[in-house]
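# Observations on the model geometry
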Amino acid sequence: MRVLVTGGAGVVGKALCRELLSRGVCARVITLPGDPLAKSLPPQVEVFYGDVTDYNSIRPAFDGVDSVFHLAAILLSTKTEAFERVNAGGTRNVVSACQDAGVRRMLYVSSISVTYPVLTPYGASKLMGESIVKDSDLDWTIVRPTLVIGDGGGVEFNMFARYVKRFPVYFLPGGGKALKRPVRSVDLVTGIASAGLSPLAVGKTYALAGPDVMTMAQMASFILSNAGLKHKMIPLPWWIAKRAARLKNWIGGQRVSAEQALAGFLYDAAPEIGNAYSDLDYSPKSTF
C-alpha cells in the first residue's frame, strides 16, 4: 500500500510518515519547493515538490497512490485570503487530484476550531475544507485535533507557553476559564494513521484529543511548574483583552490576528472522543 501525505515535511507530517512506515505502509509526501525540512524525512519516503494552491504542481504525486492524508495548511496569518487560498482552495485541489488520479480514500486533517460558536478566518477555512471533502465522491475521513503538545509541534501551545513564561506577571483573558483537552503529538499521529487506514472510519469525523480536561489557567500552572517558575496570573476582563489584542497581537506577535489570538481563550475545546476510542482503538495518555 502506498499513501501520499500533503505537508509531509512538517512536524506532524514527518512523524506520520514514520508511523506509517512502522505499519508497513509506503509513504510519499508533497512539500513546498525548496523546503529544507524534506532532508530530515526518513530515507524510505518518496518526496514530491509542489504547492497545494497550484493544481498542476501536485497532480503527478497522486499517480499510483492508494490513499491521501491531507495535512497541508496554514495556521497563522493576519490575512484572511491566505486561509481561504491554502486551507480551502488547496483542499479543493487535493480532492480534484484524487478524483483525476482515481484515488478513492482520503483523510482530511481539520481543526477543533470549526466547532467554535463564532468562527475565526482560520476556522472558517477549515470548515470549508470539510465541506469540500464531504461533498466529494471520495471515501473520506475527517479528524479534528485539539491543542497539540510535544515533539516540537503545537504552534498554538508553544506560543502560549512562551507567553506565560516570559514575565513574572502574565494576564489571561477571562481568567483563563475556557476548557481545553490538549493532545500529545505522538497520540495525535497514531490517531491520524489509524483513522486514515481503518475501513471503519470511512464517512466519519473524529475529534482527536487527550484524556484530560483542564482550563487555560490550569494549563498555564502546569507549564510554569514544569519550568520551575512561579509567575503570577492576573485575570483580564474581556473588554480590555479585546482592545489590547487589537493594539498589539500580544500572544502571537505579527503572525496572528487579534481575533484568532483571543478565540482560544474564549471558547471551549474539550470534545468527546468516544467514537475514536471504539473505532480506532485510540488510547491517548495524559499531556502533563
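The structure this text deals with has already been given above.
Cut-offs and rules
- Residues numbered from 1 in each chain as written.
- Predicted model: local features only at pLDDT ≥ 70, side-chain atom pairs only at ≥ 80, totals over all residues.
- Heavy atoms only, no water.
- Helix = DSSP H or I, 4+ residues; strand = E, 2+ residues; numbered from the N terminus.
- Expected span 1.5 Å × (residues − 1).
- Buried < 20%, exposed > 50% of the residue type's maximum accessible area, 1.4 Å probe, protein only.
- Pairing = 2+ DSSP bridges.
- Axes fitted to C-alpha atoms, helices over the stretch in contact; angles between N-to-C directions.
- Contact = heavy atoms within 4.5 Å.
- Arc of directions from axis to C-beta.
- Core = buried A, V, L, I, M, F, W, Y, C linked by side-chain atoms within 4.5 Å.
- Parallel < 35°, antiparallel > 145°, perpendicular 65-115°, else oblique.
- Nonpolar A, V, L, I, M, F, W, Y, C, P; charged D, E, K, R; others polar.
- Polar contact = N/O pair within 3.5 Å; in protein donor to acceptor, adjacent residues only side chain to side chain.
- Phe/Tyr/Trp six-rings, centres within 6.5 Å; stacked < 30°, edge-to-face > 60°.
- Salt bridge = Lys/Arg side-chain N within 4 Å of Asp/Glu carboxyl O.

### Some details on the environment of phenylalanine 171
Within the secondary structure, phenylalanine 171 sits in strand 8 (residues 169-173). As for phenylalanine 171 and alanine 82, which are separated by 89 residues in sequence, their C-alpha atoms are 30 Å apart.

### Some words on helix 6 (residues 185-197)
In an α-helix, one turn spans 3.6 residues; hence positions three or four apart end up facing the same way. Over its 13 residues, helix 6 extends 18 Å from the first C-alpha to the last, a length consistent with the 18 Å expected when each residue adds 1.5 Å. By the criterion of burial, helix 6 is predominantly enclosed, with ten of the 13 residues buried. Within helix 6, burial applies to Ser185, Asp187, Leu188, Val189, Gly191, Ile192, Ala193, Ser194, Ala195 and Gly196.

### Here's the deal with the sheet that holds strand 6 (residues 139-145)
Spatially, the seven strands line up as an open sheet ordered 3-2-1-4-5-6-11, and their pairing is parallel. Because the sheet does not close on itself, it has two edges, and the strands there are strand 3 (46-49) and strand 11 (204-208). Recorded for the sheet is a direction-independent mean angle of 20 degrees between the axes of neighbouring strands. In this sheet, strand 2 (residues 26-31) lies alongside strand 1 (residues 2-6) in parallel orientation, the contact comprising five bridges. Residue valine 3 lies in a different strand from strand 2, and its bridge partner there is alanine 27. Lying over the sheet, helix 6 contacts strand 4 (67-70), strand 5 (105-109), strand 6 and strand 11, oriented at roughly 150 degrees with respect to strand 5.

### Observations regarding helix 7 (residues 216-226)
Buried within helix 7 we find Met216, Ala217, Met219, Ala220, Ile223 and Leu224. Considered in projection along helix 7, the buried side chains sweep an arc of 160 degrees and stay on one side of the axis. Pointing more than 90 degrees away from the buried face of helix 7 are the exposed residues Ser225 and Asn226. Those residues of helix 7 that are buried lie in contact with helix 5 (155-166), strand 8, strand 9 (179-180), strand 12 (214-215), strand 13 (232-236) and helix 9 (258-266). Just downstream of helix 7 lies glycine 228, where phi reads positive at about 70 degrees.

### Some words on the nonpolar core
Nonpolar side chains in soluble globular proteins tend to end up buried together. In this structure, Val5, Leu16, Leu20, Phe69, Val143 and Ile192 are the most contacted members of the largest nonpolar core, which totals 38 residues. Secondary structure elements with two or more residues in this core: strand 1, helix 1 (11-22), strand 2, strand 5, helix 6, strand 11 and helix 10 (274-280). The element best represented in this core is helix 6, accounting for five residues. In contact with leucine 16, other than residues within four places in its own chain, are Val5, Phe69, Leu71, Val189, Ile192 and Ala193.

### Regarding the packing of helix 5 against helix 7
The angle between the axes and the distance between the axes are what describe a pair of packed helices. As a packed pair, helix 5 and helix 7 sit with axes 10 Å apart at the nearest point and diverge in direction by 70 degrees. Classified by the angle their axes make, helix 5 and helix 7 are roughly perpendicular. Residues Phe157, Phe160, Ala161, Val164 and Lys165 of helix 5 form the contact with helix 7, whose participating residues are Met216, Met219, Ala220, Ile223 and Leu224. A breakdown of the residues in the contact of helix 5 with helix 7 according to their chemical character gives nine nonpolar, no polar and one charged.

### Topic: the environment of arginine 2
By the secondary structure assignment, arginine 2 is in strand 1. Each C-alpha atom of the pair arginine 2 and valine 68 lies 9.0 Å from the other, and the pair is 66 residues apart in sequence. When neighbours within four sequence positions are excluded, arginine 2 is seen to be in contact with Cys26, Arg28, Glu46, Gly64, Val65, Asp66 and Ser67. At 3.3 Å, the side chain of arginine 2 forms a polar contact with the side chain of glutamate 46.

### Some words on the environment of leucine 147
On the secondary structure map, leucine 147 appears in the loop between strand 6 and strand 7 (148-149). For the pair formed by leucine 147 and phenylalanine 167, sequence separation is 20 residues and the distance between their alpha carbons is 23 Å.

### What to know about the packing of aromatic side chains
Inspection of the entire model under this criterion finds six aromatic pairs. A ring pair is formed by phenylalanine 222 and phenylalanine 288, whose centres lie 4.9 Å apart and whose planes are at 10 degrees; its orientation type is stacked. With phenylalanine 222 in helix 7 and phenylalanine 288 in the segment after helix 10, this residue pair connects regions lying 66 residues apart in the sequence. Note on phenylalanine 222: relative accessible area 38%, which makes it partly exposed.

### Notes on the pattern of salt bridges
Scanning the entire structure with this criterion turns up eight salt bridges. Two residues, arginine 23 and glutamate 19, come together in a salt bridge whose shortest N-O distance is 2.8 Å. Residue aspartate 63 is joined to arginine 59 by a salt bridge in which the shortest nitrogen-to-oxygen separation is 2.8 Å. Owing to a relative accessible area of 39%, aspartate 63 belongs among the partly exposed residues under this scheme. Through salt bridges with shared partners, one network takes in Arg2, Arg28 and Glu46.

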